[in-house]
Amino acid sequence: MVNSGCSQGHAWRWVYALSSQMLGNDLASKRKRARSDYAYHLEYRTRWSDNDMYHHLNNSIYAFLIDSIVNAYLIERCGMNPQSSEQIGLVVSSYCDFFGSVAYPSVLDLGLRAVKLGKSSVKYEVGIFEQGKEDVRAVGGSVHVFVKQNGRRPSEDGMESVMRKGLTELLEKVSAHL
């Protein structure tokens, strides 16, 4: 845990303020993202079918990549089971900024960080890098709102504690090296 002098309940706000200040959200800042700006990584081997008629990854594949790394993290580190968890994350917002082309047969390194953690929501950022190249190819992200599986409404208590713990770790790991 980052020692901020804050109570544990407020420490994530301090971490968010620090990480947001250090890693700007403007295009110029995103273009300078490095692999080390992300706490969790996942490799993706592109497929022939990922390319579009212009011989680069189709835009819809970037959305697939963002969704894939987020869900891999939630399943591996936050106890998420899409079929049986009491809460699920609904994507309420998403974006992707493109800085370089990627095409089959590339191997990609996807990096994930949590940008902001709320009572029942989290904002993610994903950096997409091509193996063998240092420049970020795209920076995208999404916002999940965690809702009850039945009824699709947020819980009064917010997200489940195991989910919050895993997402807090994702937020803190990035901020610890800033």
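Quick look at the structure, then. (Residues numbered from 1 in each chain as written. Predicted model: local features only at pLDDT ≥ 70, side-chain atom pairs only at ≥ 80, totals over all residues. Heavy atoms only, no water.)

## With respect to the layout of surface pockets
Over the atoms a probe the size of a water molecule is rolled, and this reveals where empty space is left. We apply this condition: Think of a 1 Å grid over just the protein atoms. A cavity is a set of points where a 1.4 Å probe fits yet cannot get out, a pocket is an open set with protein on both sides within 12 Å along at least five of seven lines, and lining residues have an atom within 4 Å of a point. Grid points are joined across faces, edges and corners, and a volume is the space filled by probe spheres set on the points. Strands are runs of DSSP state E lasting at least two residues, helices are runs of H or I lasting at least four, and both sets are numbered from the N terminus onward.
When its volume is computed, the second largest pocket comes out at roughly 150 Å³. As for the second largest pocket, its lining consists of Asn59, Tyr62, Ala63, Ile66, Asp67, Val91, Ser94, Tyr95, Cys96, Phe98, Gly141 and Ser142. For the lining of the second largest pocket, the secondary structure elements donating two or more residues are α3 (59-77), β2 (87-98) and β5 (136-148).

## Some thoughts on the packing of aromatic side chains
Operational definition: The rule is short: rings of Phe, Tyr and Trp, with Trp giving its six-membered ring, pair when the centres are within 6.5 Å, and they are stacked under 30 degrees, edge-to-face over 60, tilted in between. Working definition: with a 1.4 Å probe on protein chains only, accessible area under 20% of the residue-type maximum means buried, over 50% means exposed, and in between means partly exposed.
Applying the stated rule across the entire model yields five aromatic pairs. Residues Tyr38 and Phe129 carry aromatic rings whose centres are separated by 6.1 Å and whose planes lie at 70° to one another, so their mutual orientation is edge-to-face. One end of the pair, Tyr38, is in the loop between α2 (27-31) and β1 (40-45); the other, Phe129, is in strand β4 (residues 121-130), and 91 residues separate them in sequence. Summarising the burial analysis for this pair, Tyr38 and Phe129 share the class buried. Ring centres 4.8 Å apart and planes at 85° place the aromatic pair Tyr62 and Phe98 in the edge-to-face group. In this pair, Tyr62 is assigned in helix α3 and Phe98 in strand β2, connecting sequence segments 36 residues apart. The class of Tyr62 is buried, set by a relative accessible area of 3%.

## What about the pairing of β5?
As a reminder of what qualifies: Pairing between strands requires that DSSP locate at least two bridges from one strand to the other.
Counting buried residues along β5, 12 of its 13 residues qualify, which places the element largely inside the surrounding structure. Bridge count for β2 against β5 is 11 bridges, and the pairing is antiparallel. Paired with Ser93 across the two strands is Val143, which belongs to β5. The pairing of β4 with β5 spans nine bridges and is antiparallel.

## What about the side chain of Glu130?
Using the following cut-off: Definition of a polar contact: a pair of N or O atoms within 3.5 Å, with one able to donate and the other able to accept a hydrogen when the atoms are protein atoms, and with sequence-neighbouring residues admitted only if both atoms are side-chain atoms. The contact definition used throughout considers only heavy atoms, calling two residues in contact when any of these lie within 4.5 Å.
Its location among the elements puts Glu130 in strand β4. Among the polar contacts made by the side chain of Glu130, one reaches the side chain of Ser106 at a distance of 2.6 Å. Beyond its immediate stretch of four places on either side in the chain, Glu130 contacts Arg35, Ser101, Val102, Ser106, Val107, Leu108 and Arg137.

## Remarks on α3
In plain terms, the rule: A helix is expected to span 1.5 Å for every residue after the first.
Helix length check: α3 (19 residues) gives 28 Å between terminal C-alpha atoms against 27 Å at 1.5 Å per residue, within 8%. Turning to α3, its buried residues are Ile61, Tyr62, Leu65, Ile66, Ile69, Val70, Ala72, Tyr73 and Leu74. Looking one or two residues beyond α3, the residue adopting positive phi is Gly79, at roughly 75°.

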